[in-house]
Amino acid sequence: MAAIAPGLAAELNFFSAEEAKWIEAIMNQIIPADDRPGAIEAGCLQYLDRQLGSALQRFAAPYRAGIKVFQQKEPNFLEMSSERQIASLQKMERDPFFEMLVDHTMQGFYGSPEHGGNRNEASWKMMGIEKYMGGGHWHGA
Amino acid sequence: MAPDPVDVVIVGAGGGGGIVAQELAQAGWRVVLFERGKQQTFAETGHYELRSQRTTVLGNAFGPDDVRHARVRQNERGEWVKVLPSEGAYNNIAAVVGGGTLSYGAMAWRYLPKDFRMRSTYGSPAGSTLEDWPISYEDLAPYYEKAEWDLGVSGKAGSNPFEGRRGKDYPMPPLPFNREASLLAPAGRKLGMHPFPIPMAINSKPYQGRGACIQCPHCVGFRCEVDAKSSTAVTVIPRAIATGHCELRTECIVKTVLTDAKGQARGVEYFDREGKLVEQVSKVVVVAASATETARLLLNSKTKLHPNGLGNRYDWVGRNLQGHAYTGAFGLFGEEVWDGVGPAARIAACDFNHGNEGIVGGAMLANEFIRMPYLFARSVRPPGAPRWGKAHKDWQRAWYKRSMGVKGPVQEVPRWENRVEIDPLLKDHWGIPTLRISGRKHESDLRTGKYIATKAAEWLRAAGALEVFLTTPGNGVSGGQHQAGTARMAKDSKLGAVDPDCRVYGVENLYVADGSVHVTNGGFNPSLTIQALAYRTSERILKSGHVPRRL
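Residues numbered from 1 in each chain as written. Chains lettered and ligands numbered in written order. Predicted model: local features only at pLDDT ≥ 70, side-chain atom pairs only at ≥ 80, totals over all residues. Heavy atoms only, no water.

(A) Fine view of the pattern of salt bridges. Evaluation of the coordinates by the stated rule reveals 42 salt bridges over all chains. Measuring nitrogen to oxygen at the nearest pair gives 3.2 Å for the salt bridge that ties Glu539 of chain B to Arg540 of chain B. Counted as one network, the salt bridges with shared partners bring together Asp34 and Asp35 of chain A together with Lys390, Lys393, Asp394 and Arg397 of chain B. (Salt bridge = Lys/Arg side-chain N within 4 Å of Asp/Glu carboxyl O.)

(B) Representation of the sheet that holds strand β11 (residues 347-349) of chain B within the structure. All names here are of chain B. Here six strands make up an open sheet; going across it, the order is β5-β11-β12-β13-β10-β16 and the pairing antiparallel. Every interior strand has two partners, whereas the edge strands, β5 (196-197) and β16 (467-471), have only one. Where strand β10 (residues 325-332) meets strand β13 (residues 403-410), eight bridges bridge the pair, whose relative direction is antiparallel. Looking at β13, one finds that Gly328 is bridged to Lys407. Of the strands in this sheet, β10, β11, β12 (365-367), β13 and β16 are in contact with helix α10 (residues 443-462), which crosses β10 at around 25 degrees. (Pairing = 2+ DSSP bridges. Helix = DSSP H or I, 4+ residues; strand = E, 2+ residues; numbered from the N terminus. Contact = heavy atoms within 4.5 Å. Axes fitted to C-alpha atoms, helices over the stretch in contact; angles between N-to-C directions.)

(C) Highlighting the interface of chain B and chain A. Taken together, the contacts link 37 residues of chain B with 42 residues of chain A. Summing both partners gives a buried area of about 3200 Å² for chain B against chain A, and 64% of it is carried by carbon and sulfur. Counting the surface chain B buries against chain A, the share from its top three residues, Trp388, Lys393 and Arg397 of chain B, is 26%. Where chain B meets chain A, there are 16 residue pairs in polar contact (both at pLDDT 80 or more). It is helix α9 (residues 389-399) of chain B that contributes the most residues to the side of chain B that touches chain A, seven residues altogether. Counted by class, the side of chain B that touches chain A contains 16 nonpolar, nine polar and twelve charged residues. (Buried area = accessible area lost by both parts, 1.4 Å probe. Polar contact = N/O pair within 3.5 Å; in protein donor to acceptor, adjacent residues only side chain to side chain. Nonpolar A, V, L, I, M, F, W, Y, C, P; charged D, E, K, R; others polar.)

(D) Just the pairing of strand β15 (residues 433-438) of chain B, in detail. Residues and elements named next belong to chain B. Where burial is concerned, most of β15 is hidden: five out of the six residues are buried. In the sheet, strand β3 (residues 71-74) pairs with β15 via two bridges, with the strands oriented parallel. In the strand pairing of β15, Arg73 is matched with Ile437. The antiparallel pairing of strand β14 (residues 419-427) with β15 creates a hairpin that spans five residues between the two strands, and Gly431 there sits at a positive phi of about 80 degrees. (Buried < 20%, exposed > 50% of the residue type's maximum accessible area, 1.4 Å probe, protein only.)

Structure (structure tokens):
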């Protein structure tokens, strides 16, 4: 399944290289790639990794603990087929760890690139609103 | 060394406090206007959805910060849990010069005449504190007019057949309709409704030296980059300061209202920017810190003569907390209805504010401000729809520009038990005891919410929606950015915290100028009503004789 991009491990501030692999694998199913970028290509991991050191720091301990619990529940997750991964995640939809990761993945995907995700405004282009978004002055569409 | 005594201290440079500062300073009074937040430029906050006044997942763009200002709330299991300012349950109001008016959507509503007479109209439902205001719409009308002209509101008099009697028209014509409004207008009329352009505290043409709205897609939740939004930060507050005797002191935290041996206000005690505790003496004190923070300050100002806090002899301060129970629907269309033209909320109807069979009150209905992408992803989906995965992503692509929402602020039936009070344990960064919040909605609100949502759905269908989904309120206590009621007006001192002039009972020279004083909260965004009251209260203060005539 998806591996983290080459050279990325060196840039991580919060996640270990191992943790990052797991987070990305789950993010890959939360917002998969199709004819448009998904969570991985859009840099949702980078968003979360950065924000866990600042605005989202109160989620740091829940992530450390949550990843461990997830690894114990589904030790073969990284090797599973996509369909089996989806089935596994559907079973734990109500899990606070998964719900938290869904929310943060969505933030990273749909928020401004200034926060670390939504690389190249991928989600805004997908929605056809890139001319309307951006963090600064309004220049007209 | 303590600063020199002044005529009046105002606590809170927001929607109400800014107006009182102008009115008193222009009358020659020496004013100190305190604000716990800062002045903020557009460049500091920009257009970042995740850090705006509407979506605060990365913190409150306009304060307060999470580190120094925690509160406590009661959760569904009855447990008291800590809550941070960037979490919804905190019931935040922006901590910035201009307060909520710096980043609000700026709908500028007059309450309807019946909104001031809810008990006379509906009786008092069991388990509620529903009551009439001690003043009428007609009493407040001249001050609504003053607010509309002094701040800058654009709208069309006579377009809403339900509104109370007006004197003058609005100073500016309404902003133009967008595509959504152009679809909803004939659809509403077909249903026998009376849709009209929403009055907004937003310039539709240049006004008082500020430019007109540039119709950008980032309105509600963001500071206006051209200051077409008629915030108190760009209207009354600069004018107050320009008199030369109104001093704005930012990043100051007022700890208590000080009272003298007779129990009358003599000033405030506050922490300055460096954290030093300072006394500011004044002849009059006006508290305008928002319904939650005003209640907190009054309750934290206990003395021997006011053992339960100021204005709280009969246990009304902090109680009667209300906001609005938002309800409505969204519809899916066969064509694009989104045109990216701001502020986007352009059309409303008051057909369901009153006169709804078997329903207490009701709500105004209006189309929505432009929805930002993350909020849309998380909150606009049919019930049971996937909340993640490919289907969720496909839905975002397919429906973002082909969906439209109609929502309304249900006028709540207030409850005694819905309250803020001082938490026995938690203190803020400055050691000041903080608030705990508790309560739940009156069951009437849930019923009204469902009823109004069906009306929203009908309107969307008439406009061509292929499918509609209701979004009805939950059970939790309200407050939020429409917070009100916690120091309610009453003619009888046993039945409220302030008198009909918004003067705190038991303290002749202490007034309140924010939503705390509302008895009920209308079926509308409350800002213009807060502001009209602030003009009226200022007039009362000037006539009070606390300070000799200066000009």
